[in-house]
Amino acid sequence: MVIRFPGVNAWAREKSMRILVTGGAGYIGSVVTEELINAGHQAVVYDNLSYGHREAVHPSAAFVKGDLLDGEALRGVLRENEIEAVMHMAAFALVGESVTHPAKYYQNNLVGGLSLLNAMRECGVKRLVFSSTCATYGEPAKVPIDESLPNNPTNPYGESKLAFERALKWFDSAYGLRYASLRYFNAAGATERCGEMHDPETHLIPLVLQTAAGAREEVQIFGDDYPTRDGTCVRDYIHIVDLARAHILALGILDERSTIYNLGCGGDGYTVREVIDTAREVTGREIKVRMAPRRPGDPAVLVASSEKIKRELGWEPQFQDLRVIIQSAWDWLVAHPIGFQVKKW
Ligand code: UFG
């Protein structure tokens, strides 16, 4: 058993658990699975492969192809594997698409999520770590954003995640389901095995690196007239391994209570231009940019205060230098030029 975190609740690191990872074939879920296995837990991945990649599932994890809306399949997996906790990452996560197709987001992220909660309730599984988002805050009243700020999502993606969080609160008080809701800021970077390969890709860092690799002509900068240090949007990039490790720490609190944590590196964040400049430095390649209009719904600055999870669980990001994050994503891209070999970019 690997002990990595001096600050972790002893229960979480000493007890090997049987954990269901929904969305474990996706970008974040595959790394969470990898870290669970590294930490000595047993993982069962449940994913319908609508966006995930079978090849991304850790070879030591069991894999079940299934949909969140299939309650019978979920109950079967929970019972057969004697699951003790669920990490729920299966969701649609394209902000722009959620605006044009909200039905898809409510159906999968909320109705599908409720189907999972009902299956857990019927099978007596009472621990859940939920993959939430800073999109619950919308345009924040102040930065850094802490968990006390009001929720005011500006798109159906954020709304669907917040609606699920609200259901969690009532499932806790009525049924004793304990949850830790982790509100991610901008997940980025890669491990040696797993990296970011969405289709379509909308995220800044993979688009920038694909441009550096010559797979794209140029990267667009969506707006340079924001009230920030260089006019482009500021975001809080968090390495996927730091993010994944927070999930393992969060397991430790679930026997005591439910809670919500922000997850980012804080500080000053990085502007879009700083990300592109750092990618130029890391890759040594030219990256052509083109100015484009603002992307609707983009807040100027999103930077987390993660003091709560640091204080309560001893979480500390280990890879907060943007160069390290981008280097890991670049190394993965160079080693996997056609991703998981199922889709070409
Ligand atoms: N950007 C560009 N050009 C691109 C892509 C992105 O300039 O081609 C900019 C965006 O406008 C934004 C920044 O780069 O300012 C980061 O954009 P991403 O799409 O990589 O990430 P977001 O900050 O939009 O999204 C993140 C999470 C979402 C979450 C959202 C909340 O990935 O899950 O924050 O606003 F919903």
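Everything numeric here is computed off the predicted structure, so don't read it as measured data. (Residues numbered from 1 in each chain as written. Predicted model: local features only at pLDDT ≥ 70, side-chain atom pairs only at ≥ 80, totals over all residues. Heavy atoms only, no water.)

### Some thoughts on empty space enclosed by the protein
In plain terms, the rule: Points on a 1 Å grid over protein atoms alone make up a cavity when a 1.4 Å probe fits among them but cannot get out, and a pocket when they form an open set with protein on both sides within 12 Å along at least five of seven lines; lining residues each have an atom within 4 Å of a point. Grid points are joined across faces, edges and corners, and a volume is the space filled by probe spheres set on the points. Helix numbering and strand numbering both begin at the N terminus, where a helix is a DSSP run of H or I of at least 4 residues and a strand a DSSP run of E of at least 2.
Taken as a whole and judged by the stated rule, the model has 3 cavities of 30 Å³ or more. Size it by volume and the second largest cavity reaches roughly 100 Å³. Forming the walls of the second largest cavity are Gly-189, Ala-190, Gly-195, Glu-196, Ile-205, Pro-206, Leu-209, Gln-210, Ala-329, Trp-332 and Leu-333. For the lining of the second largest cavity, the element with the most residues is helix α7 (residues 204-212), which contributes 4 residues.

### Structural notes on the sheet that holds strand β1 (residues 18-22)
Defined as follows: Each pair of strands is called paired provided DSSP finds at least two bridges between the two strands. Axis lines are fitted through C-alpha atoms, for helices just across the contact stretch, and the angle between N-to-C directions can take any value from 0 to 180 degrees. In this description, contact between two residues means that some pair of their heavy atoms is separated by no more than 4.5 Å.
With respect to topology, 7 strands assemble into an open sheet ordered β3-β2-β1-β4-β5-β6-β11, the strand pairing being parallel. The strands lining the two open edges of the sheet, one partner per strand, are β3 (62-65) and β11 (259-263). Strand-to-strand twist across the sheet, computed as the mean angle between neighbouring axes with direction ignored, equals 20 degrees. The pairing of strand β4 (residues 85-88) with strand β5 (residues 127-133) spans 3 bridges and is classified as parallel. Across the sheet, residue Met-87 finds its bridge partner in β5, namely Val-129. Here helix α6 (residues 156-175) sits on the sheet and contacts β4, β5, β6 (178-184) and β11; the angle it forms with β5, its principal contact strand, is near 155 degrees. Along the sheet face, helix α8 (residues 240-251) touches β1, β4, β5, β6 and β11 and points at about 160 degrees away from the line of β6.

### Topic: the site of the ligand
Formally: Nearness is judged by heavy atoms alone; a residue qualifies as near a molecule or strand once a single heavy atom is within 4 Å of it. In the analysis that follows, any N or O atom pair within 3.5 Å is treated as a polar contact, provided that within protein one partner can donate a hydrogen and the other can accept it, and provided that, for residues neighboring in sequence, both atoms belong to side chains. The accessible surface values rely on the Shrake-Rupley method and a 1.4 Å probe; as for residues, cover is taken only from the protein chains in view.
In the vicinity of the ligand lie 20 residues, with Leu-204, Gln-220, Arg-235, Arg-295 and Asp-298 positioned nearest. Measuring from an oxygen atom of the ligand, one finds a side-chain N or O atom of His-203 at 3.1 Å. Between an oxygen atom of the ligand and a main-chain N or O atom of Phe-222, the distance comes to 2.9 Å. Within the complex, the protein chains bury 91% of what would otherwise be the 690 Å² of accessible surface of the ligand. Going through the elements one at a time, α7 and β8 (219-222) are the ones with two or more residues in the shell around the ligand.

### Considering the sheet that holds strand β9 (residues 234-235)
The sheet built from 3 strands is open, its strands ordered β12-β9-β14 with mixed pairing. On the outer flanks of this sheet lie β12 (270-271) and β14 (301-302), each paired with one strand and no other. Relative to β14, β9 is paired through 2 bridges, and the arrangement is parallel. Paired with Arg-235 across the bridge in β14 is Leu-302.

### Thoughts on helix α5 (residues 102-123)
To keep things clear, this is the line we draw: Residue count minus one, scaled by 1.5 Å, sets the expected span of a helix. The buried label goes to any residue with under 20% of its type's maximum accessible area, the exposed label to any with over 50%, and the partly exposed label to all in between, with areas taken from a 1.4 Å probe on protein chains only.
Spanning 22 residues, α5 covers 30 Å between terminal C-alpha atoms, matching the ideal 32 Å at 1.5 Å per step. Of the positions making up α5, those classed as buried are Tyr-105, Asn-108, Asn-109, Leu-110, Gly-112, Gly-113, Ser-115, Leu-116, Leu-117, Ala-119 and Met-120. Gly-124 sits one or two positions beyond α5 and adopts a positive phi of about 75 degrees.

Just distances and angles here, no functional claims.
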